[in-house]
Amino acid sequence: MGAERPEGAAPKGRLRVYLGAAPGVGKTFAMLAEARRRASRGTDVVVGLVETHGRARTAELLEGLEVVPRRTLVHRGTTFTEFDAEALIRRHPRVACVDELAHTNVPGSRNVKRWQDVEEVLEAGIDVISTVNIQHLESLHDVVQEITGAPQRETIPDEVVRRADQVELVDMAPEALRRRLAHGNVYGPEQIDAALANYFRVGNLTALRELALLWVAGKVEDQLDRYRAEHGIAGPWETHERVVVALTGGPEGDTLIRRAARIAGRSRAADLLAVHVTRSDGLSRVDPARLTRQRDLIESMGGTYHQVVGDDVAHALIDFARGVNATQLVLGASRRGRLAQMLSPGVGVTTIALSGPIDVLVITHKEAGKGLSQAGRAVLPFRRRAAGWALALLGLPALTGVLYAARGTLALPADILMFLLMVVVVALTGGMLPAVTAALVGFGLLNYLFAPPFHALGVARLQNVLALAVYVLVAVMVSAVVDLAARRTREAARAGADAQMLFTLAGHVLRGDAALPTLLERLRETFGLDAVTLLERVPGLRPVAGDRSDPRAWRVVATAGEPAATACPDQAGSDVEVGEDLVLALSGRLLDAADRRVVEAFAAQAAVALRQERLAEEAERARPLEEADKMRTALLAAVSHDLRTPLASAKAAVDSLRGDIRWTRDDYDALVDTAQESLDRLDRLIANLLDMSRLQAGALGLATRPIGLEEVMPRVIADLGPERERVLEEISDELPEVVADPALLERVLVNLVSNALKYSPEGEKVLVTASSYGRYAEIRVVDRGPGIPAVQHDLVFLPFQRLGDRGDHTGVGLGLALARGLTEAMGGTLLPEETPGGGLTMILTLPISSRAGGV
């Protein structure tokens, strides 16, 4: 499809796609409306294929438009009709409407997918208007299935839709789409209830709508980037604020991040990005632990962290800022001293000069002008420096003696080359300072002993003066280069070792092995330490002078090695502060500055691991408390509310029977029935309360097992008494079994149906239906009562709640609070939903038994 078009061929047609979040939002309607608009302007428009799905308003828009006849295909004895691309190409209109771009053609068609048919139409130079739903995009297939529980058999590659010249989102609020569905404007009446109960839930539609908006936003951003590239627009376009903060890894980074976050916070929907420029040779002098903490800080503020490579920091920053379409770039004031700033402009000044339309903000901080830290510089070990000085002080005299003995045999250039060789050897061994010293001393010896006039400081010949001067210059330059190479070699080896250790640490974290003992043991083994201990200041104690030496102010959180490193920081051989209250204490060999940077990275990860462990422990401790609180709430609701009404009714009936009034037989029977009904109700409530009390105390285990709903519903309806006639139960015997406690499930359903009966108008029946999707089954209790506003759905599960606080109802507090508590105890959920056309629907969701045949 990327091949060049033959010379003289008609230009390829343009594709316009109407994208929707779900069926029924109006994609086909919008496509046909566009077709009619173009036809009214005189454009040759035909309909290649449109699926009306029985929607009258869609069919009305087809009137007056030319429709290309479909192709008839027979597959396995059944006749199908498909889009006829060949007929459309022969007709060759200016614009064609082809619905459902992701459709899979019947076997035996020319192409497998309809979008492939459309590609042929486009190649013929015909513009195409088409439609597609977000759930059909290949990249979102698994996401949509996870959200809706419904697999999508027809998919289309994202790239096909991305290549479209225009993608227009057809949007509709979930509530509006559900109303359209309930009114029969999307599916037939027999499909409405199932669609509302499953795919077209408010949550599902909201999630699909978000996916569609995000996908279209990405498409729009791609179009903007492509437009800027095609027109050579290098500068940023301020479509929205994007603030970039440059981090050096220095101590001023925290200040810069917070300032940049405040700048981004002043603009709605602004992006915050942090960038760190590393050298292309990988030899960084930054503190990795500090950079890790700053990365955590930027991410905690909703920003993103980026790392780029470049030897020229200013150019790398500007290239990154332009690449992300930044509008503001935040830099810190230079930490270099005044002399260094006078000698070179520095990163800040150079960045401002290169910034163009990007605003550059230079933020002052406490470290400005204090000079760069020397801690990160590589220094040759003492033994090598000592060997270099020994060669300079002892090797030069020895070389001088040998050359002096052969003065008549060797000329001055040969002597100069031998001294130059000695200077290089000294530089390789001891670094630049001994080598420069050797070069200067060698110059004096060559001048005094080997350049005529001998044994005098003067030089007779101009060429000898030039040779000696070049010797000194070359010796110093070679010494500098050799010293730099030696330093870089050592730094590279050190950086490689550090990178390997950090890579190992990252691998442990990604594999989930970042528990404190594992991290500390890895640190101890890596650096050959005797013991490593993480110390924490005793909670409640504020940092005071001298507490670092007081063991009573600290406690051991975790340790590796025997014995423990220390009981307080000052007793350790060395320590690394992780925060105000955490210190990593090390015993064994002392660490140099380079080792300490890697140890700080380990320490930062140890603090993260400790925080994760404690959060997990808190969550584990909170879980039983939360469950107990749910049970306690249900118990209090029952005792304080729903027990009162039946008790009062029974007491009033009994008091009336014991009075002096002579009741007729009918009145007597009515009072007895009232008392019996109230006492039966009390019996059910007390049984619920006793079971919940035992469950809360751990004395009652859930007896969950696979059970069919057809076994439970007869007992539920029988338990409703005279109200059973108002219940319409439509549950298929073919539904899979659910996992539940039969007794608790019965009580939950009794509470739900009883509550629905209370609020249903006289003569209206309560509908109980069930369906399955994925790994769950749904039981829906539907009433046609006054309903409850969506914002108050959660309130109905709280105690003391009545629907509008009117009438003599006992309230929805106990029944629903108790039902939700029992449902969650069985591993299910209970949620309210508006009944289309008015009323309330309670949705009870339970897991399906694994023996249900993989439903």
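Residues numbered from 1 in each chain as written. Predicted model: local features only at pLDDT ≥ 70, side-chain atom pairs only at ≥ 80, totals over all residues. Heavy atoms only, no water.

Draft legend 1. Structural context of the overall build of the protein. Looking only at helices and strands, the protein has 25 helices and 24 strands in total. Within the protein, buried positions represent 43% of all 855 residues. Taking the intrachain contacts of the protein between residues at least 6 apart in sequence as the baseline, contacts between residues at least 24 apart amount to 71%. In the structure as shown, the protein presents an accessible area of about 44100 Å², 56% of it carried by carbon and sulfur atoms. (Helix = DSSP H or I, 4+ residues; strand = E, 2+ residues; numbered from the N terminus. Buried < 20%, exposed > 50% of the residue type's maximum accessible area, 1.4 Å probe, protein only. Contact = heavy atoms within 4.5 Å. Areas by Shrake-Rupley, 256 points an atom, 1.4 Å probe, with all protein chains shown as cover.)

Draft legend 2. Just empty space enclosed by the protein, in detail. Tallied over the full model, the rule gives four cavities of 30 Å³ or more. Space inside the largest cavity adds up to approximately 90 Å³. Of all the elements in the fold, those that place two or more residues in the lining of the largest cavity are β4 (71-75), α3 (85-91) and α4 (114-123). Its residues placed into classes, the lining of the largest cavity shows three nonpolar, three polar and seven charged. (1 Å grid on protein atoms, 1.4 Å probe; cavity = no way out; pocket = protein on both sides within 12 Å on 5 of 7 lines; lining within 4 Å. Points joined across faces, edges and corners; volume = space filled by probe spheres on them. Nonpolar A, V, L, I, M, F, W, Y, C, P; charged D, E, K, R; others polar.)

Draft legend 3. The arrangement of the sheet that holds strand β3 (residues 66-67) in detail. Taken in spatial order, the six strands make up an open sheet running β3-β2-β6-β7-β1-β8, and their pairing is parallel. Lying at the two open borders of the sheet, with one neighbouring strand each, are β3 and β8 (166-170). Judged from the five bridges that link them, strand β1 (residues 15-20) and β8 form a sheet pairing that is parallel. Bridged to valine 17 within β8 is valine 167. Of the strands in this sheet, β1, β2 (45-49), β6 (95-98) and β7 (127-133) touch α4, which is tilted by about 160 degrees from β7. (Pairing = 2+ DSSP bridges. Axes fitted to C-alpha atoms, helices over the stretch in contact; angles between N-to-C directions.)

Draft legend 4. A look at the nonpolar core. Core analysis: the biggest nonpolar cluster contains 63 residues, and Leu32, Val132, Ile134, Ile156, Val161, Leu208 and Trp215 have the highest contact counts within it. The greatest single-element share of this core, amounting to six residues, is contributed by helix α9 (residues 202-230). Setting aside chain neighbours within four positions, we find leucine 208 in contact with Ala21, Ala22, Ile134, Val144, Thr148 and Tyr199. (Core = buried A, V, L, I, M, F, W, Y, C linked by side-chain atoms within 4.5 Å.)

Draft legend 5. Quick peek at the sheet that holds strand β22 (residues 776-782). Across the sheet, which stays open at both edges, the five strands sit in the order β19-β21-β22-β24-β23 with mixed pairing between neighbours. Two strands in the sheet have a free side with no partner beyond their single neighbour: β19 (727-730) and β23 (829-834). Neighbouring strand axes in the sheet, compared pairwise and without regard to direction, differ in orientation by 20 degrees on average. Bridge count between β23 and strand β24 (residues 840-847): six bridges; the pairing is antiparallel.

Draft legend 6. Region of interest: the packing of helix α23 (residues 709-718) against helix α24 (residues 742-759). For the pair α23 and α24, interaxial distance at closest approach is 9 Å and the crossing angle is 55 degrees. What the angle tells us is that α23 and α24 run oblique. Seen from above, α23 lies across α24 with right-handed handedness. Contacts between α23 and α24 involve Leu709, Val712, Met713, Arg715 and Val716 on the former and, on the latter, Pro742, Leu745, Glu746, Leu749 and Val750. Grouping the constituent residues of the contact of α23 with α24 by class yields eight nonpolar, no polar and two charged. (Parallel < 35°, antiparallel > 145°, perpendicular 65-115°, else oblique. Left-handed = near helix turned anticlockwise from the far one by under 90°.)

Draft legend 7. Geometry of the side chain of histidine 276. Position of histidine 276 relative to the elements: it lies in strand β10 (residues 271-278). Separated by 2.9 Å, the side chain of histidine 276 and the backbone oxygen of leucine 247 make a polar contact. (Polar contact = N/O pair within 3.5 Å; in protein donor to acceptor, adjacent residues only side chain to side chain.)

Draft legend 8. Structural detail: the pattern of salt bridges. For the structure shown, the criterion picks out 29 salt bridges. The partner of arginine 201 in a salt bridge is glutamate 778, and the shortest N-O contact between them spans 2.0 Å. Note that arginine 201 is positioned in the loop between α8 (189-197) and α9 and glutamate 778 in strand β22, a separation of 577 residues in sequence. Here the two residues arginine 201 and glutamate 778 agree in accessibility, since each one is buried. (Salt bridge = Lys/Arg side-chain N within 4 Å of Asp/Glu carboxyl O.)

Draft legend 9. Region of the structure containing helix α7 (residues 174-182). Of the positions making up α7, those classed as buried are Pro174, Leu177, Arg178 and Leu181. In a view along the axis of α7, the buried residues occupy a sector of 100 degrees, so they form one face of it. (Arc of directions from axis to C-beta.)

Draft legend 10. Layout of a negative patch on the surface. A grouping of Asp193, Glu710, Glu711, Glu729, Glu730, Asp733 and Glu734 is seen on the molecular surface, where their side chains present a negatively charged patch. For the negative patch, the secondary structure elements donating two or more residues are α23 and β19. With respect to the helices and strands, the residue aspartate 733 is situated in the loop between β19 and β20 (738-740). Its relative accessible area of 61% is what places aspartate 733 among the exposed residues. (Patch = residues over 30% accessible without salt bridge, like charges linked within 9 Å, V, L, I, M, F, W, Y side chains within 5 Å. Lys, Arg positive; Asp, Glu negative; His and termini not counted. Charge placed at Lys NZ, Arg CZ, Asp CG, Glu CD.)

Draft legend 11. Representation of the pairing of β6. Alternating residues of β6 divide into Val95 and Cys97 and Ala96 and Val98, and every residue in both groups is buried. One ladder, built from four bridges, connects β6 with β7; its direction is parallel. Opposite cysteine 97, over in β7, you have isoleucine 129 as the bridge partner. Running through α4, the crossover from β6 to the neighbouring parallel element β7 is right-handed. (Right-handed = clockwise from strand over helix to strand, strands pointing away.)

Draft legend 12. View of the pairing of β7. Burial within β7 is extensive, with seven of its seven residues counted as buried. Of the two faces of β7, the one holding Asp127, Ile129, Thr131 and Asn133 and the one holding Val128, Ser130 and Val132 are both buried throughout. In this structure, β1 lies alongside β7, joined through six bridges in parallel fashion. When the bridges of β7 are listed, leucine 19 appears paired with valine 132.

Draft legend 13. Main features of unusual backbone geometry. In the Ramachandran plot, histidine 53 falls in the positive-phi region, its phi being about 55 degrees despite a non-glycine side chain. In this structure, glutamate 100 takes a positive phi of about 55 degrees despite not being glycine. Here glutamate 100 is to be found in the loop between β6 and α4. With a relative accessible area of 26%, glutamate 100 lands in the partly exposed category.

Draft legend 14. Quick look at the side chain of threonine 400. Position of threonine 400 relative to the elements: it lies in helix α15 (residues 382-405). The residues touching threonine 400, leaving out its near neighbours within four places in the chain, are Phe419, Leu445, Leu449 and Phe450.

Draft legend 15. How the structure looks around the packing of helix α12 (residues 313-323) against helix α14 (residues 346-354). Running from N to C, α12 and α14 cross one another at 40 degrees; their axes reach a closest spacing of 8 Å. Looking at the two axes, α12 sits oblique to α14. For the crossing formed where α12 meets α14, the hand is right-handed. Contacts between α12 and α14 involve Val313, Ala314, His315, Leu317, Ile318 and Arg322 on the former and, on the latter, Val347, Thr350, Thr351 and Leu354. Taken together, the residues of the contact of α12 with α14 sort by class into six nonpolar, three polar and one charged.

Draft legend 16. Representation of the confidence of the model for the protein. For the protein, the mean per-residue pLDDT works out to 78, and 77% of the residues sit at or above 70. Looking over the protein, one finds the lowest element-wise mean pLDDT in helix α13 (residues 338-343), namely 59, and the highest in β6, namely 96. Long-range and interchain partners of residues 373-378, a stretch whose pLDDT sits below 50, account for nine contacts in this model, where long-range means more than four residues apart. (pLDDT = per-residue confidence, 0-100.)

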